[in-house]
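Understanding the architecture of this molecule
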Amino acid sequence: QVQLKESGGGWVQAGGSLRLSCAVTGTIASVDQMAWYRQAPGDQREVIAQITRDGNTDYASSVKGRFSIAQDNTKTTLFLQMNGLKPEDTAVYYCDAEGTIGAVSPFESWGRGTEVAVSA
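Conventions and cut-offs
- Residues numbered from 1 in each chain as written.
- Predicted model: local features only at pLDDT ≥ 70, side-chain atom pairs only at ≥ 80, totals over all residues.
- Heavy atoms only, no water.
- Pairing = 2+ DSSP bridges.
- Helix = DSSP H or I, 4+ residues; strand = E, 2+ residues; numbered from the N terminus.
- Disulfide = S-S within 2.5 Å.
- Buried < 20%, exposed > 50% of the residue type's maximum accessible area, 1.4 Å probe, protein only.
- Contact = heavy atoms within 4.5 Å.

Re the pairing of strand β7 (residues 67-71)
- The pairing of β7 with strand β8 (residues 77-82) spans 5 bridges and is classified as antiparallel. In the sheet register, S68 faces β8, and the bridge partner there is Q81.
- Counting the residues between successive antiparallel strands, the hairpin from β7 to β8 contains 5 residues, one of them, K75, with a positive phi of roughly 60°.

A word on the state of the cysteines
- Per the counting criterion, the structure on display carries 1 disulfide.
- Paired by a disulfide, C22 and C95 hold their sulfur atoms 2.1 Å apart. Between C22 and C95, the disulfide has an S-S torsion of -85° and is therefore left-handed. With C22 in strand β3 (residues 18-26) and C95 in strand β9 (residues 91-101), this residue pair connects regions lying 73 residues apart in the sequence.
- On the accessibility criterion, C22 (0% relative accessible area) is buried.

Points about the environment of L18
- Along the chain, L18 falls in strand β3.
- Classification of L18 as buried rests on a relative accessible area of 15%.
- Distance from L18 to G84, taken between C-alpha atoms, is 9.3 Å for residues 66 residues apart in sequence.

Considering the environment of G10
- Mapped onto the elements, G10 comes out in strand β2 (residues 10-13).
- Separated by 106 residues in sequence, G10 and V116 have C-alpha atoms that sit 5.0 Å apart.
- Leave out the neighbours within four places in its chain, and G10 touches L18, E115, V116 and A117.

The structure is reproduced here in structure tokens:
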């Protein structure tokens, strides 16, 4: 399995940018897919960006064209570049990893989250 730790959250005015990072440690080779989720107060956690082992990406319609998910070459850090931030992007952002140990034991790991607040 892997351990995840997010950073980079904070406060920003609408229209601004932030870059979130997620440090990945553990059995990195076992990870098949990583994602960023977010949860606003009173809402359910939602997936907003995903990246597969092969580098294929997908985005929720609410962030497409504004957010970008990427990994460094060693896959030890996951990024979320957030541009054109809106007040409705205010949430706790979580890093997620899914994979398989030994090809038979699936796992899913979560970070503890980092808070993003966007003021109008």
